[in-house]
Amino acid sequence: MRRVTIFTDGACAGNPGPGGWAAILIAGAHRREMSGYEPSTTNNRMEIMAAIEALRALRAPAEVDLHTDSQYLRNGMSTWLARWKRNGWRTADRKPVKNDDLWRALDALAQTHAVRWHWVRGHDGHPENERCDELANAAIHDRHGIDTGTAGEPA
């Protein structure tokens, strides 16, 4: 399987409010930056959406190291997801899981890949994390997303 390193971030102007997500995909010498915009959302939804769109961009199963500054995203996929599924998409205190539509979509995409979830401290000088933050916030400001790099790479 191909190895891909992904960095993601989500941002929101107000919570809820206009939001943006961003991802950087790196495979060998190939690098792809992508971002998107939602007119009314939350920061947590944008964090999940960044991971969804990054994994969706991969055209074939891959070994993925996904780096996020969101404990919510990393813990959701690494720790809470199995319990939510066992509990019928309910939390430990039997409340419905928030954002379950996105968690379900991310779960389905993650199952096609071998994903390792990593946490990186946000706003701490990590170049790819800082770039994702810039892209996500630019998506909000510009009210649209971008996709740079060779079409389909590093899929």
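The structure under discussion appears in the preceding block.
Residues numbered from 1 in each chain as written. Predicted model: local features only at pLDDT ≥ 70, side-chain atom pairs only at ≥ 80, totals over all residues. Heavy atoms only, no water.

(A) A look at the overall build of the chain. Check the secondary structure of the chain and you find four helices and six strands. Here the chain has a C-alpha radius of gyration of 15 Å; the compact-globule value for 155 residues is 15 Å, and the two agree. Taken along its principal axes, the extent of the C-alpha atoms in the chain is 45 × 40 × 25 Å. Relative to its full complement of 155 residues, the chain shows a buried share of 49%. Split by element, the accessible area of the chain, about 7500 Å² in all, is 49% carbon and sulfur. Computed over 20 positive and 20 negative side-chain charges, the separation of the two mean positions in the chain equals 9 Å. (Helix = DSSP H or I, 4+ residues; strand = E, 2+ residues; numbered from the N terminus. Rg over C-alpha atoms; globule rule 2.2 N^0.38 Å. Buried < 20%, exposed > 50% of the residue type's maximum accessible area, 1.4 Å probe, protein only. Areas by Shrake-Rupley, 256 points an atom, 1.4 Å probe, with all protein chains shown as cover. Lys, Arg positive; Asp, Glu negative; His and termini not counted. Charge placed at Lys NZ, Arg CZ, Asp CG, Glu CD.)

(B) Quick peek at the pattern of salt bridges. In this structure the tally under the stated criterion is 12 salt bridges. Taken together, the salt bridges that share partners define one network made up of R31, E33, E128, R131 and E134. (Salt bridge = Lys/Arg side-chain N within 4 Å of Asp/Glu carboxyl O.)

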